[in-house]
Amino acid sequence: MTKDTIQQLNKMEIEGKTKRIEMLDDPTIVRIRTKDSLTANDAAIQADLPVAQDKTTQNCNVMFHLKKAGVPVAYKMRNDLTSFIAEKCEMIPIECVIRRRPFGSYLKREPHKSSSEIFDPLLTEFFHKQTVVVHPESVQMIPEDTARSLFLKNGEWTGEVYTDPLIDPREQEWLLYPPKQPRHEMQPLLAIQPEVDPVTLEYIRRSLMIPCFEILEKAWKIFNVNLIDMKIEVGINHNKEIVIADVIDNDSWRIWPNGDPKQQLDKQSFRDGEKLTRVQEKYAIVTQYTKKF
């Protein structure tokens, strides 16, 4: 392989719904560039909105705050107004969710619960990043982008499709469940080989998920804002360390001033169909808060 070919491969880009990952000459790092875009409901709802600078600032402030507190993160430094530099990671294909109060898909699974309940200790859950598609004769896992291109028409799934299936981690296998069905109705969709062993999964929970939430919860409490739940993603860097990777910004959590969901500042307002100008205002407000972390 020639030097020119290697350089071309290093400069390849990975395009996502809301960000672009740009390869650099140093193979251990990447540049992550935020787009002026918001999506919701499996990308059935999408809007171009000038939030890239706000989201980049939020992520950089949050990651710097976590890094300063000793939490392992891939983040290294800000690059420009809409991008930052991070360690290149092999992503573990799970979404890690931490909850202080029941809300969202959790209430669909546990309809007897109330959003006024407090989880103490914190509740942690894992969801798989692949999508499960159930056919009459088979069940398969495919990337979410592929599922959308094949089965999402006019904002509706045309088949039995489950994005971000809930993981029930067993010793020898992971059972995947529909994430938004009442628990008493849930049947496993699929059993798969674990993506990580039980010891690693417990490390992710105890050393990354819980400290991350508690540190940010404390930061938000200074402004009388309640951190209700949040999600993170993790990856393995070139030193074989498991770190918080991807981004943490206003798309990643639920935050309620004074504990009131009607005052929500997060992306849920976009999901709920609030005016885009107001959504943009909320992102700007959150940016100013994170500058004070």
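Values in this document were obtained by computation on a predicted structure and should not be read as measured data.

1. Looking at the pattern of salt bridges
- What the rule picks out here adds up to 26 salt bridges.
- The partner of E22 in a salt bridge is R20, with the nearest N and O atoms 3.1 Å apart.
- Taken together, the shared-partner salt bridges connect E13, R20, E22, R31, R33 and D80 into one network.

2. Thoughts on the pairing of strand β19 (residues 225-236)
- Of all 12 residues that make up β19, 9 are buried, and the element is covered over most of its length.
- Judged from the 2 bridges that link them, strand β8 (residues 90-91) and β19 form a sheet pairing that is antiparallel. Residue pairing across strands places E90 opposite I236, the latter belonging to β19.
- Sheet topology places strand β9 (residues 94-99) next to β19; 4 bridges connect them, and they run antiparallel. Within β19, the position partnered with V97 by the bridge is K231.
- As paired elements, β19 and strand β21 (residues 253-257) share 5 bridges and run antiparallel to each other.

3. Quick look at the confidence of the model for the protein
- Looking at the protein as a whole, its pLDDT mean stands at 94, while 95% of the residues score no less than 70.
- Within the model, pLDDT remains below 50 along residues 1-10, and this stretch shows 6 contacts once partners closer than five positions in the same chain are excluded.

4. Things to note about the sheet that holds strand β15 (residues 160-162)
- Spatial strand order, β12-β11-β15: 3 strands in an open sheet with antiparallel pairing. The open sheet is flanked by β12 (139-142) and β15, the only strands paired with a single partner. Going across the sheet, the axis of each strand differs from the next one's by a mean of 20 degrees, ignoring polarity.
- Two strands pair when backbone bridges link them, and strand β11 (residues 131-134) and β12 are joined in this way by 4 bridges, in the antiparallel orientation. Paired with V132 across the bridge in β12 is M141.

Reading guide: rules and limits
- Residues numbered from 1 in each chain as written.
- Predicted model: local features only at pLDDT ≥ 70, side-chain atom pairs only at ≥ 80, totals over all residues.
- Heavy atoms only, no water.
- Salt bridge = Lys/Arg side-chain N within 4 Å of Asp/Glu carboxyl O.
- Buried < 20%, exposed > 50% of the residue type's maximum accessible area, 1.4 Å probe, protein only.
- Helix = DSSP H or I, 4+ residues; strand = E, 2+ residues; numbered from the N terminus.
- Pairing = 2+ DSSP bridges.
- pLDDT = per-residue confidence, 0-100.
- Contact = heavy atoms within 4.5 Å.
- Axes fitted to C-alpha atoms, helices over the stretch in contact; angles between N-to-C directions.

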